[in-house]
Each structure stands twice: as structure tokens, then as C-alpha cells.
Amino acid sequence: MIPSAVVLQQGLPTSVGEAVSRYGDAIVSFVVTVVIFVVSFVVIYLVARSVLVRLTKRALGARDFSPAVVSLGSSIAAGVALIGGFALAAAVAGFGVILAAFATLAGALALAVGFAAQDLIANFVAGVFILKDKPFDVGDYIEWNGNSGIVRDIQLRVTKLDTFDNELVTVPNSDLANNAVTNPVANDTRRVTFDFGIDYGADIEAARSIILEEGAAIEGVLADPEPAAPVTALGDSAVVLNGRLWIDPRETSAGGVTFELIERVKERFDAEGIGMPYPHRELVGSLSIDSADPVTAPSDD
């Protein structure tokens, strides 16, 4: 750059020849510096981008990260190559002042973005770990923090789920990463249970046989492990048998099996005369009358 003070002291040139003789060396030096910066930036950026992106894809792919994470990592690597290429090109061209100003500006921007987008960054980090650890997949039914739904889509920032009422729920990934998530369909088998209460005078073995027979007759219930119905509680007004069936959660709905089991057992209990009592209270005591006034008929007068 040509200092403005020099221009004012020497005066403005009156001809092209005078301008060239006076500022020619400075102009040539500036043009050469710019050319060196541009060429250095292009070469450094292309080489660094190619190397960093290739290494990032290879490293993430070797650890079985999802394509979304690999794509994000490649984009970050390309951004690092861009910033690094600019800084190194400025150093090669001798733009020390520009490089120092750029470093100061970059530090300030990084600090401001870090404070303003800490929740967003937390969701991205959580999304990366969800995609890497795979606590659930698309199509899984999950439960977390009193909520539940079927996973529709897993993104880097949010996870989208469908409820049984066909409502779309969008959950920040940090909520799923920071809470306990139950995945009932993660394993090959799942147990379905329901408590049946029978009268204290009813035949326990007969009731157990009905529960086992009706449970085994439901489509999708596995024979191994076999159904069971142990007595699990003696309630205030009922003996409780816990019906236990096993299903493949990927093939059979736990809710559907539970509903069918309840209906089948209730109908069989009614047919076999096995009572299913409801909670009630029995009042025990006596009532006495110490005195009573005679009742007289009203007078016609």
C-alpha cells in the first residue's frame, strides 16, 4: 500500500509517466504480494482440503459412524482447511498485520458463537453420540422421561418420533442423551405381563390353566420361554396371578397381545365361574336404640 502522507507531501502526479516512475515499484510489490497470497491460498487450501477430508472420512468410516456424521466431519475438515489455508497464505505473503487481525477476529467470533449457541452445539454433540452408539434405530419404540413414541428420523440436532395418536414429536438430542431411554424392542424377546385378581375361594390352578391356555393361543406368543402365571400377591379382596407371555417385539405388538389376553381371560373366567372381585369394604358392628318416642297418628281435628 502507498502511504497517503507520502502522496500529500510529493503532490499528485501530472502524467502517467510520472506516476509510474514515482509509484511503480510500490505497485509492482503490492501486485506480487497479492499474487503470492492468492496462489499460496489456492494451493494450500486444495491440498489441505483433499488430505483432511480423505483422512476424516477414513477415520470415521473405520469406526462405523453413520453417513450423517461422516458428512458433518468432512464439512468441518473442509472448513478447517479453508481457515488454515487463508492464515498460512497470509503468512507466506507477508501480511502479518492481516494475520494478527484475523486471529483476533476469529477468537472473538468463536467466543461469541460458543456462548450464543451452546444449546445448539450440545444438541449436535448429543446427535453424534446417538448416531454412533445407536441406543435406538428408526422404527424402534422408545420411552424416556415419561414420554414415548416410535422413532421416525434421527438427525444431528433433533430426533423425530410418532406417538400412538399419530402425533409428531420433535425432541432435542440433548434430552435423549441426558435422560434414561428405555428401548423395549432392542432385544430378540420381550415379556408381556398383566395382573389378574380372583376370589379367595376360587381354584388357583384352574385360573392359572385358563391364563396359560388363552395366552398360548394368541398369535405371536412364543412357546419358548413358555407362558407362566405365578401368584404374586394376596390383595385385600383378591389373589393376584401375574400372566407372563414372551413375544418377538420386532414381529408382534406388546399392546395388542396384552389387550387380547385380557379379553380372552375375562371371557373364560366368566364362563368357568371364576370371580374377579373388585375392592370393597365390609362394615362390622351393631346398632342399638336406647329409647324411642311413641308414634301417634295425626288427629282429624
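Our subject is the structure listed above.
Fair warning: this is a prediction, and the values are worked out from it, not measured in the lab.

Caption draft 1: Looking closely at the pattern of salt bridges. Applying the stated criterion across every chain, the model contains 9 salt bridges. Residues Arg 208 and Glu 205 are paired through a salt bridge, measuring 2.6 Å at the closest nitrogen-oxygen approach. Of this pair, Arg 208 and Glu 205 both sit in helix 7 (residues 204–216), 3 residues apart, roughly one helical turn. Relative accessible area serves as the criterion here: at 19%, Arg 208 is assigned to the buried category. For Arg 268, the salt bridge identified is with Glu 272, shortest N-O distance 4.0 Å. Residue Arg 268 and its partner Glu 272 are located together in helix 8 (residues 254–272), separated by 4 residues, close to a single helical turn. Because the salt bridges share partners, they merge into one network encompassing Glu 213, Glu 214, Glu 260, Arg 264, Arg 268 and Glu 272.

Caption draft 2: Highlighting helix 7. With 13 residues, helix 7 extends 18 Å between its outermost C-alpha atoms, agreeing within 8% with the 18 Å of an ideal straight helix rising 1.5 Å per residue. Of the positions making up helix 7, those classed as buried are Ala 207, Arg 208, Ile 210, Ile 211, Glu 214 and Gly 215. Buried residues of helix 7 fall within an arc of 160 degrees about the axis and therefore sit on the same side. As for helix 7, its buried residues are in contact with strand 6 (190–198), strand 7 (231–234), strand 8 (239–247) and helix 8.

Caption draft 3: Molecular detail of the sheet that holds strand 4 (residues 168–172). With antiparallel pairing, 5 strands are arranged side by side in an open sheet as 4-3-2-1-5. At either end of the open sheet lies a strand with only one pairing partner, and these are strand 4 and strand 5 (181–182). Inspection of the sheet shows strand 2 (residues 147–154) paired to strand 3 (residues 158–162) by 4 bridges, in the antiparallel sense. Residue pairing for strand 3: Ile 150 is matched across the bridge by Asp 162.

Caption draft 4: A look at unusual backbone geometry. Going from Asp 224 to Pro 225, the amide bond is cis rather than trans, its omega being 0 degrees. Residue placement: Pro 225 occurs in the loop between helix 7 and strand 7. The backbone of Asn 145 shows a phi angle near 50 degrees, a positive value even though the residue is not glycine.

Caption draft 5: Geometry of the packing of aromatic side chains. On inspection of all chains with the given rule, the structure shows 6 aromatic pairs. Between Phe 194 and Phe 196, the ring centres sit 5.0 Å apart and the planes meet at 65 degrees, which makes this aromatic pair edge-to-face. Judged by its relative accessible area of 30%, Phe 194 is partly exposed. Phe 196 gets classed as buried once you look at its relative accessible area, which sits at 2%. Between the aromatic rings of Phe 196 and Phe 269, the centroid separation amounts to 6.4 Å while the plane-to-plane angle is 75 degrees, which identifies the pairing as edge-to-face. Of the two residues, Phe 196 is situated in strand 6 and Phe 269 in helix 8; the sequence distance between them amounts to 73 residues. Ring pairs connect the aromatic residues Phe 37, Phe 41, Tyr 45 and Phe 86, which therefore count as one cluster.

Caption draft 6: Molecular detail of the side chain of Ser 74. Residue position: Ser 74 is located in helix 3 (residues 67–93). Residue Ser 74 is classed as buried on the basis of its relative accessible area of 9%. Here Ser 74 is in contact with Val 53, Thr 56 and Lys 57, once residues within four sequence places are set aside.

Caption draft 7: Expanded view of helix 8. Between its terminal C-alpha atoms helix 8 stretches 27 Å, which fits the 27 Å expected from 19 residues at 1.5 Å a residue. Among the residues of helix 8, Ala 254, Val 257, Thr 258, Leu 261, Val 265 and Phe 269 are the ones counted as buried. Around the axis of helix 8, the buried residues are gathered within 95 degrees of arc, so they sit on the same side. In this structure, helix 8 carries Phe 259, Glu 263, Glu 267 and Ala 271 as exposed residues pointing more than 90 degrees from its buried face. At the N-terminal boundary of helix 8, the capping side chain belongs to Ser 253, with an oxygen 3.4 Å from the backbone nitrogen of Gly 255. In the segment just after helix 8, Gly 273 is the residue with positive phi, at about 75 degrees.

Caption draft 8: Structural context of the layout of surface pockets. Computed from the structure, the largest pocket encloses a volume of approximately 360 Å³. In this structure, the largest pocket is lined by 17 residues; those nearest its centre are Tyr 141, Phe 164, Arg 190, Ala 254 and Gly 255. Put simply, the parts of the chain that give the lining of the largest pocket at least two residues each are strand 1 (141–144), strand 6 and helix 8. In the lining of the largest pocket, the residues fall into 7 nonpolar, 6 polar and 4 charged.

Conventions used here
Residues numbered from 1 in each chain as written. Predicted model: local features only at pLDDT ≥ 70, side-chain atom pairs only at ≥ 80, totals over all residues. Heavy atoms only, no water. Salt bridge = Lys/Arg side-chain N within 4 Å of Asp/Glu carboxyl O. Helix = DSSP H or I, 4+ residues; strand = E, 2+ residues; numbered from the N terminus. Buried < 20%, exposed > 50% of the residue type's maximum accessible area, 1.4 Å probe, protein only. Expected span 1.5 Å × (residues − 1). Arc of directions from axis to C-beta. Contact = heavy atoms within 4.5 Å. Pairing = 2+ DSSP bridges. Phe/Tyr/Trp six-rings, centres within 6.5 Å; stacked < 30°, edge-to-face > 60°. Polar contact = N/O pair within 3.5 Å; in protein donor to acceptor, adjacent residues only side chain to side chain. 1 Å grid on protein atoms, 1.4 Å probe; cavity = no way out; pocket = protein on both sides within 12 Å on 5 of 7 lines; lining within 4 Å. Points joined across faces, edges and corners; volume = space filled by probe spheres on them. Nonpolar A, V, L, I, M, F, W, Y, C, P; charged D, E, K, R; others polar.

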